[in-house]
Structure formats: C-alpha cells, structure tokens
Amino acid sequence: GGRASQLPDQARPGATTSDTEFLPPQDTLESAGIAILCVDALGAVRYFTPAAVGLFSGLEAKARPLLADVKRQFDDDNFLDDATAVREDGKPVRQEVHAKDGRWLMREIRPIRGDTSGPGGLIITFADISDLKEAEHGIEVARAYVHSIIATIRQPLVVVDEDWLVISASSSFH
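Note that the structure is predicted; figures quoted are calculated from it, not measured.

Rules used throughout
- Residues numbered from 1 in each chain as written.
- Predicted model: local features only at pLDDT ≥ 70, side-chain atom pairs only at ≥ 80, totals over all residues.
- Heavy atoms only, no water.
- Helix = DSSP H or I, 4+ residues; strand = E, 2+ residues; numbered from the N terminus.
- Contact = heavy atoms within 4.5 Å.
- Areas by Shrake-Rupley, 256 points an atom, 1.4 Å probe, with all protein chains shown as cover.
- Pairing = 2+ DSSP bridges.
- Patch = residues over 30% accessible without salt bridge, like charges linked within 9 Å, V, L, I, M, F, W, Y side chains within 5 Å.
- Salt bridge = Lys/Arg side-chain N within 4 Å of Asp/Glu carboxyl O.
- Buried < 20%, exposed > 50% of the residue type's maximum accessible area, 1.4 Å probe, protein only.
- Arc of directions from axis to C-beta.
- Polar contact = N/O pair within 3.5 Å; in protein donor to acceptor, adjacent residues only side chain to side chain.
- Phe/Tyr/Trp six-rings, centres within 6.5 Å; stacked < 30°, edge-to-face > 60°.

Visitor: Outline the overall build of the protein chain, listing residues and values.
Guide: Looking only at helices and strands, the protein chain features three helices and 10 strands. Mapped from its N terminus to its C terminus, the protein chain presents α and β elements in the order α-β-β-β-β-β-α-β-β-β-α-β-β. Taking the contacts inside the protein chain whose residues are at least 6 apart along the sequence as the reference set, 36% of them involve residues at least 24 apart. With the model as given, the accessible surface of the protein chain reaches about 10400 Å², and the carbon-plus-sulfur share is 53%.

In structure tokens form, the structure reads like this:
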C-alpha cells in the first residue's frame, strides 16, 4: 500500500512538516476507497492511499517524490497549474479527468492551511464517476432517439414539461 503503514493510528488535523500532524487516522482515509494524495508546501507527496497508486507511476519508487515528478495515468493538462493556483489562492478546484484505464474521475484539489499565515499543503482526491458518466451518456442517447422520432412525425406534435413549457416540437408544428 501507500505510506499509510508509516503513519500513526491517530494524527492531529493540520499541515506541518511532521507526518504525525499531517493527516487524520490512516484507516479512515484508506477505507474510503478514494485515491488521495497529501502534498506538503514544498510539493512533496507526503501520503497517498492505495487507490492512488494506479493513478500515479512512481509514487512508491522513492520516499516523498515531488508531485511534478510522478507520472500521471490520467489525462489532465491543468493538473500542476491547478495545484499551484490552489496553493497560492486557497480556492479549491474540481475537474473531470479521464484515466488511461478508461475510468472517469472527479479530481479535486483543496488547500491544507498550516499553522502560520503561509501556504500549507494540498489534499488531492480522485473519486470514480464512471457510473455517472455512463448514465449521462445513456440519457444523451435516449434524448437523441426521442428527437429523431419527433422529427419524423408528420402531424404537429409538441412536447411540454410539467410547467407547460415547450421542450420539443415536430417540424410540422412550426
């Protein structure tokens, strides 16, 4: 697994240079099944869940690799720029990304504020949204099918929603 085995069972919230003060309890993070990276203020990966290993090559190759040095297994041209922006302005950033294994993920980067006024680290999560993307695709296919049927009807036809707003109309209705 990740660096979880090096962490204590309980850790105080906050972002400092000490692993024991950087994270919540390891079993809480790992049981979520979400890919999580914790990055310190210098850009070094301090912790990752086992689910993150499939998204980044080189996490286990050396202790505390720099985020910029690990190879991503997902398409995201804005990843490092977003991480820098979150570190600088403190505003979380979310982005859908497509993994090389075919999954769709929601990537979120959030700041971890240190005890001082300076920038702290980052927590980066990846939640699998493949089922949601598949459902969206199914809805789009069904919508296109309905529109193709409406387009072939020769009689005037209008489709309205529950508030009587027109959703669609056949060409003979116009």
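Here the narrative resumes, following the displayed structure.
Visitor: Could you give an account of the sheet that holds strand 8 (residues 121-128), with specific residues and numbers?
Guide: Strand order in the open sheet formed by six strands is 2-1-8-7-6-5, with antiparallel pairing between adjacent strands. Among the strands making up the open sheet, the edge pair consists of strand 2 (45-48) and strand 5 (74-75). Strand direction decides the pairing type here: strand 7 (residues 104-112) and strand 8, joined by eight bridges, are antiparallel. Within the sheet, the bridge partner assigned to M106 lies in strand 8 and is A127.

Visitor: Mind laying out the environment of V70, listing which residues take part and the relevant values?
Guide: Relative to the elements of secondary structure, V70 occurs in the loop between strand 3 (56-57) and strand 4 (71-72). Separated by 13 residues in sequence, V70 and S57 have C-alpha atoms that sit 5.9 Å apart. Discounting residues that sit within four places of it in the chain, V70 has contacts with F56, S57, G58, L59 and P65.

Visitor: Can you break down a nonpolar patch on the surface residue by residue, with the values?
Guide: A contiguous nonpolar surface patch, about 510 Å² in accessible area, is contributed by V158, V160, W164, V166 and F173. Its location among the elements puts V166 in strand 10 (residues 166-169). On the basis of relative accessibility, which here comes to 56%, the residue V166 falls in the exposed class.

Visitor: Go over the pairing of strand 8, please, and point to the residues and values.
Guide: Across five bridges, strand 1 (residues 35-39) lies against strand 8 in antiparallel orientation. From the neighbouring strand, A35 faces strand 8, where its bridge partner is F126.

Visitor: Quick rundown of the environment of I109? Include the residues and the values.
Guide: Position of I109 among the secondary structure elements: in strand 7. Beyond its immediate stretch of four places on either side in the chain, I109 contacts F79, D82, A83, V86, P92, V93, L122, I123 and I124.

Visitor: Got a sec to walk through the pattern of salt bridges? Specific residues and values, please.
Guide: Going through the model one piece at a time under the given rule, you end up with eight salt bridges. Between E136 and K133 there is a salt bridge, with its nearest N and O atoms 3.8 Å apart. A residue pair is termed a helical-turn pair when its members lie 3 or 4 positions apart in one helix, as E136 and K133 do in helix 3 (residues 130-152) at three residues. Through salt bridges with shared partners, a single ionic network connects D76, D82 and R107.

Visitor: Provide a residue-level description of helix 2 (residues 79-89), including the pertinent values.
Guide: Inspection of helix 2 places F79, D82, A83 and V86 among the buried residues, and these make up the whole buried set. Looking down the long axis of helix 2, one finds its buried residues gathered within 100° of arc, a one-sided arrangement. Along helix 2, the residues that are exposed and aim more than 90 degrees away from the buried face are D81 and E88. Where helix 2 is buried, its residues meet strand 3, strand 4, strand 5, strand 6 (93-99), strand 7 and strand 8. Directly beyond the C-terminal end of helix 2, a positive phi value near 75° is found at G90.

Visitor: Tell me about the side chain of T49, and please be specific about residues and values.
Guide: Along the chain, the position of T49 falls in the loop between strand 2 and strand 3. Looking at T49, its side chain comes within polar contact range of the main-chain nitrogen of I36, at 3.0 Å.

Visitor: Talk me through the packing of aromatic side chains; I want residue IDs and the actual numbers.
Guide: Counted by the stated rule, this structure contains six aromatic pairs. Here the aromatic rings of F56 and F74 are separated by 5.4 Å at their centres, their planes lie at 80°, and the arrangement is edge-to-face. Of the two residues, F56 sits in strand 3 while F74 sits in strand 5, which places them 18 residues apart along the sequence. The buried category is assigned to F56, whose relative accessible area is 2%. For F74, a relative accessible area of 3% puts it in the buried group.

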